[in-house]
Amino acid sequence: MRLFWLTLILFSFLPAQNYTFMLDTYTKETELEATIIKRVASASLPQEEIRLFIPEISELEQKVYQKFFILSSNCEDANFVFVKKSVDISSYCKDTKKLILTSNYRKLLSDEKYYGAFFWQKSRPNITFISQRLQERGVKLPSEFDKFVEDF
Amino acid sequence: MKEKFLIKQPLYLIFSVVFISGVLMLLLYGTIKIEQSIEKKMIEISTNDVFTIVNNSVIQIEELLDKEQDYSSQILSNEILQKAIEKKLELLITENIAYTYLLYKDERGVFRFLADGSKKDKAFVNQKFDIDNLQWLDVYKTKESLQIENSYLQELSITHIAPVFRKGKVEMLLTVDFSIKKVRKINQILTMMKNGIITIVIIIILFLAILLFQTLRYLKMRKNAYVDKLTGVYNRNYLQDAQDFIHLQDYILATLDIDHFKAVNDTYGHDVGDKILTQVAECIRGSMRKHQDIAIRYGGEEFVLLIKRDPKETLEEINIVEYIFKAIQTKDFWIQKKESLAITVSIGVNLAPHQSRTFSEAFKLADIALFNAKSRGRNNIEIYDENNHNNNSTMMSINEIKEAIEENRLLCYYQKIVSNETLESSHYEALLRIRDKQGNIITPDRILPAIEGTFLLRNITKAVLEICYEKLLVDPDISINVNLNPTDIINPSIIEILTEYAQQEGIAKRLGLEIVETQDVVRTADGKENLLTLKKLGYKIYIDDFGSGYSNFIYLAQIQTDFIKIDGAIIKKILDDKISYLLVKSVVGFAKEAGIQVIAEFVSSEEIYQKVKELGIEYSQGYHFSIPSEL
């Protein structure tokens, strides 16, 4: 009889993986995003230790990003800024020549404060830098980033 | 109970675990394969139509364009054309299709949007688009539509890429991204199917587990049913079930009987008897070859041994029988811490059981050899010999007698005892007979030697008592004498039967008990007491064969006998032998003084009758008056 119950319990574990997502908050997408930002920031500031500032950062983002970066609580202390939300970056950063990356392609096109954008297009990660703004900020990206650079 | 069984039988446990693990692995593998196969099929079915529509859209787009000019330049330079294409792409959008867009690859190899029919996340014209998978480039090589499964994109399941050709070259890509909703629905169906399959398999496994458990239990029970609990060797059930499957040519057959086992039981009690049986069985098992030879407790103190033969060598099997024999002979059988007994056995061997038609016949021959071994004074091995067999073939074997009792083939013949004065019949003496399977009547001289000293003798007494009791009930005008063995008098079950019969009115007076004179009865307090009890119940006591053995007048007085039956061997010689005549005369004289009536046996002629009458003997029995027959 004991063998019977043991077998039954073992079987009940089979579909358990369907329910494990209930235990952990989904972080995969944010982790992918942080990895990409890390590569972009490192390529943009190859000699420097990256101190990242994300305005109005959420708890989940903070949890994920701090695995990859030293997070700054304000723009002044940071050498790299990633604007994820619809915020007015002017109220956070006075230095317009700071490396500021946006998650909105439209903002990249319209606002010269941003030197590049990382955004999700058709559910796929997309990166775009504007050549002139890279030059203005003295950023020399490695050749593998060439396909992301646009001459507007 | 079950756990203990599995611990004792680890092979069963290992087998069960391997079996269940195997079934689980198969289940897992099968479920994954089925799931993959069904998912693929369902996606194929649900997307095929869309692919056809997309291909049609490609044709429609191609129709809008001038094949002589570069397609991307045409669209980029003509907003109306671009909007028209976008309108067509918008038509493709459904609940399950997230995005439709037209791309081209620029001179740097970067993909850019020409038109986007998507309702959300709409791209700008000529906006750069980073592809997530290098498989996209395969379309340019294969020039065929391509489906990519987006395993890590959270919102998308499948991307369908259809090439748009100009002059045989792929110039644009019409791309359709299927949302995850479709796959989710398919997965829901699959999950239901998977759960259904798992439930069915669990039920099947449960049934298999129950079947396995029941099979193991059955095997265990069958093993228990075949093993004698006391001795640990096989029992008679095993022999009965297996005898048809035993290849007699592979074995020699021996029957083994513990000598004087009854005396051990009677002297030391049944507990000691059981100890002896257990130790004898251990000795047999210890002397046999494991997994080759078979020991069976046939019943009581009798064992059957099947010794595996080596076709090339006969001696070895006999050596094993001798080894068993000597091992028992030399072993001390401990019945208490400091007390041991020497036990011997008699063994009958049939070296060629395969020459018999059946196991029973082969067994009978071994039994005859055993009987011969016992006849020769016990404590020896007798090999069945065809020549010897002819001399003993008229003797019944123990097993034949057992069968006869079980099949109610025991009967009684009756011989008259007549009054010498009136020549009228006063009593009958019941004489044992067995009707064999062919219908022949077997007399006691062919029955009793085989069962002397065994428990069968007592069973025969009981059977004869029952036959006579029923005869007395049927015919109230006759009296019958029954022969009892001295040991019957000290046997509680016989006394109990007689006590019960005495409750029936008139039975005790008409049922005489003939007992062979022996010291055994008077030696024991029980014997004397039981005889007096039987007398009180109304039974008449007859001392049978008086003068043949332990003739003691004091003994007659002690047991207060009612009749003396003078031994036939003395009566036979009464006419010619003076000593016999004087012996009978003195016995009669004593009997008259003691008030005991006398019966002369073997009165076979008128002369003997006249002589016994002259001596004052009251009754006669013999062929002169009647031969034993059925009543």
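Reading the values: rules and limits
- Each chain carries its own residue numbering, running from 1 in the direction its sequence is written.
- Going through the entries in the order they are written, you letter the chains from A and number the ligands from 1.
- At least 70 in pLDDT is required for a residue's local features to be given in this predicted model, at least 80 for side-chain atom pairs to be given and counted, and no such filter applies to totals for whole chains, interfaces and linings, which use all residues.
- Elements are defined by DSSP. Helices are runs of H or I of four residues or more, strands are runs of E of two residues or more, and each kind is numbered from the N terminus.
- C-beta atoms are first placed from the backbone for all residues, and any pair lying within 7 Å is then listed as a contact.
- Each residue is classed by its C-beta neighbour count within 10 Å, where at least 20 other C-beta atoms makes it buried, 12 or fewer makes it exposed, and intermediate counts make it partly exposed; the C-beta atoms are placed from backbone geometry.
- At least two DSSP bridges between two strands are needed for those strands to be called paired.
- Axis lines are fitted through C-alpha atoms, for helices just across the contact stretch, and the angle between N-to-C directions can take any value from 0 to 180 degrees.
- When residues are sorted by character, Ala, Val, Leu, Ile, Met, Phe, Trp, Tyr, Cys and Pro go into the nonpolar class, Asp, Glu, Lys and Arg into the charged class, and all the rest, Gly among them, into the polar class.
- Helix span, expected: 1.5 Å multiplied by one less than the number of residues in the helix.
- As used here, the arc is the angular range of directions from the helix axis to the C-beta atoms.
- Orientation labels follow simple angle bins: below 35 degrees gives roughly parallel, above 145 gives roughly antiparallel, 65 to 115 gives roughly perpendicular, and whatever is left gives oblique.
- Per residue, pLDDT measures the predictor's confidence, with a range of 0 to 100.
- Note on handedness: a crossover is taken as right-handed if, strands pointing away from the viewer, the path from the first strand over the helix to the second is clockwise.

1. A short note on the overall build of chain B
Part 1: Along the backbone of chain B there are 24 helices and 22 strands.
Part 2: By sequence separation, contacts in chain B at least 24 residues apart represent 61% of the contacts at least 6 residues apart.

2. Quick notes on the overall build of chain A
Part 1: The number of helices and strands found in chain A is five helices and seven strands.
Part 2: Traced from its N-terminal end to its C-terminal end, chain A shows the element sequence α-α-β-α-β-β-β-α-β-β-α-β.
Part 3: A burial count over chain A gives 22% of its 152 residues as buried.
Part 4: Residue pairs in contact within chain A that sit at least 24 positions apart in sequence constitute 38% of those at least 6 positions apart.

3. Remarks on the sheet that holds strand β5 (residues 156-166) of chain B
Residue and element names in this part refer to chain B.
Part 1: Strand order across the open sheet formed by six strands is β3-β2-β1-β6-β5-β4, with antiparallel pairing between neighbours. Of all the strands in the sheet, the pair left with one neighbour each is β3 (128-129) and β4 (146-149).
Part 2: Two elements, β5 and strand β6 (residues 169-179), share nine bridges in a ladder whose sense is antiparallel. For Val164, the partnering residue across the bridge sits in β6 and is Met172.
Part 3: In this fold helix α4 (residues 79-90) packs onto β1 (97-105) and β2 (111-116), with an angle of close to 80° to the strand it touches most, β2.

4. Considerations on the interface of chain A and chain B
Part 1: The interface is formed by 15 residues belonging to chain A together with 19 residues belonging to chain B.
Part 2: Contributing elements (two or more residues each) for the side of chain A that touches chain B: α1 (2-13) and β6 (124-130) of chain A.
Part 3: Top contributing element to the side of chain A that touches chain B by residue count: β6(A), with five residues.
Part 4: A class-by-class count of the residues in the side of chain A that touches chain B yields five nonpolar, five polar and five charged.

5. Remarks on unusual backbone geometry
Residues and elements named next belong to chain B.
Part 1: For Asn126, which is not a glycine, the phi torsion comes out positive at approximately 70°.
Part 2: Within the secondary structure, Asn126 sits in the loop between β2 and β3.
Part 3: One non-glycine residue, His260, lies in the positive phi region at around 50°.
Part 4: Looking at the element boundaries, His260 is found in the loop between β7 (251-258) and α8 (261-268).
Part 5: Assessed through the 16 C-beta atoms surrounding it within 10 Å, His260 is described here as partly exposed.

6. Looking at the pairing of β7(B)
Residues and elements named next belong to chain B.
Part 1: Judged by how many residues are buried, β7 sits mostly within the fold: eight of eight residues are covered.
Part 2: Sheet analysis places β7 next to strand β9 (residues 302-308), joined by seven bridges and oriented antiparallel. Pairing of Ile252 across the sheet is with Ile307, part of β9.

7. Focus on the sheet that holds strand β7 (residues 149-150) of chain A
Residues and elements named next belong to chain A.
Part 1: The strand order across the open sheet built from seven strands is β2-β1-β3-β4-β5-β6-β7, with neighbouring strands paired in mixed fashion. Two strands lie at the open edges of the sheet, namely β2 (70-71) and β7, each paired on one side alone.
Part 2: In the sheet, strand β1 (residues 51-53) pairs with β2 via two bridges, with the strands oriented parallel. Along β2, the bridge assignment pairs Leu52 with Leu71.

8. Comments concerning helix α23 (residues 578-594) of chain B
Residue and element names in this part refer to chain B.
Part 1: Taking 1.5 Å per residue as the helical rise, α23 with its 17 residues ought to reach 24 Å, and the 24 Å between its terminal C-alpha atoms agrees with that figure.
Part 2: For α23, the full list of buried residues reads Val584, Val587, Val588 and Ala591. End-on, the buried residues of α23 take up no more than an arc of 100°, which puts them together on one face. What points out from α23, more than 90 degrees from its buried face, is the exposed set Lys578, Ile579, Leu582, Ser586, Gly589 and Glu593.
Part 3: Those residues of α23 that are buried are in contact with β19 (541-546), β20 (563-566), α22 (568-572) and β21 (597-600).
Part 4: Just beyond α23, the residue with positive phi is Gly595, at close to 75°.

9. Topic: the packing of helix α15 (residues 455-474) of chain B against helix α17 (residues 492-502) of chain B
Residue and element names in this part refer to chain B.
Part 1: Where α15 meets α17, the closest approach of the two axes is 11 Å, and the angle between their N-to-C directions is 10°. On the basis of their axis angle, the class for α15 and α17 is roughly parallel. Note on element contacts: α17 touches α15 through Ile494, Ile497 and Tyr501, opposite Thr461, Lys462, Leu465 and Tyr469.
Part 2: Here the residues of the contact of α15 with α17 sort into five nonpolar, one polar and one charged.

10. Comments concerning the confidence of the model for chain B
Residues and elements named next belong to chain B.
Part 1: The pLDDT averaged across chain B works out to 86; a share of 92% of its residues lies at or above 70.
Part 2: Per-element mean pLDDT across chain B ranges from 49 in helix α1 (residues 2-8) up to 96 in β2.
Part 3: Reported for the predicted complex are a pTM of 0.45 and an ipTM of 0.81.

11. Things to note about the environment of Gly439(B)
Residue and element names in this part refer to chain B.
Part 1: Assignment of secondary structure puts Gly439 in the loop between β15 (425-435) and β16 (441-442).
Part 2: Residue classification places Gly439 among the exposed residues on the basis of 7 C-beta atoms within 10 Å.
Part 3: Distance from Gly439 to Arg409, taken between C-alpha atoms, is 9.4 Å for residues 30 residues apart in sequence.

12. Here we look at the pairing of β6(A)
All names here are of chain A.
Part 1: Of the pairings in the sheet, the one linking strand β5 (residues 116-121) to β6 comprises six bridges and is antiparallel in character. Paired with Phe119 across the strands is Asn126, a residue of β6.
Part 2: What sits between β5 and β6 in their antiparallel hairpin is a turn of two residues, with Lys122 showing a positive phi close to 55°.
Part 3: Direction of pairing for β6 relative to β7: parallel, over a ladder of two bridges. Following the sheet pairing, Ile130 is matched in β7 by Glu150.
Part 4: Handedness of the β6-helix α5 (residues 131-136)-β7 crossover: right-handed.

13. A closer look at the environment of Ile570(B)
Residues and elements named next belong to chain B.
Part 1: Mapped onto the elements of the fold, Ile570 is located in helix α22.
Part 2: Among the residues examined, Ile570 registers 22 C-beta atoms within 10 Å and is labelled buried.
Part 3: Between the C-alpha atom of Ile570 and that of Phe546, which follows or precedes it by 24 residues, the distance is 9.3 Å.
Part 4: Those residues in contact with Ile570 that lie beyond four places of it in its chain are Gly547, Ser580, Leu583 and Val584.

14. Quick notes on the packing of α8(B) against helix α9 (residues 270-287) of chain B
All names here are of chain B.
Part 1: Where α8 contacts α9, the two axes come as close as 6 Å, and the packing angle between them is 140°. With respect to their mutual orientation, α8 and α9 come out oblique. Residues Phe261, Val264, Asn265 and Tyr268 of α8 form the contact with α9, whose participating residues are His270, Val272, Gly273 and Ile276.
Part 2: Of the residues assigned to the contact of α8 with α9, the class counts are five nonpolar, three polar and no charged.

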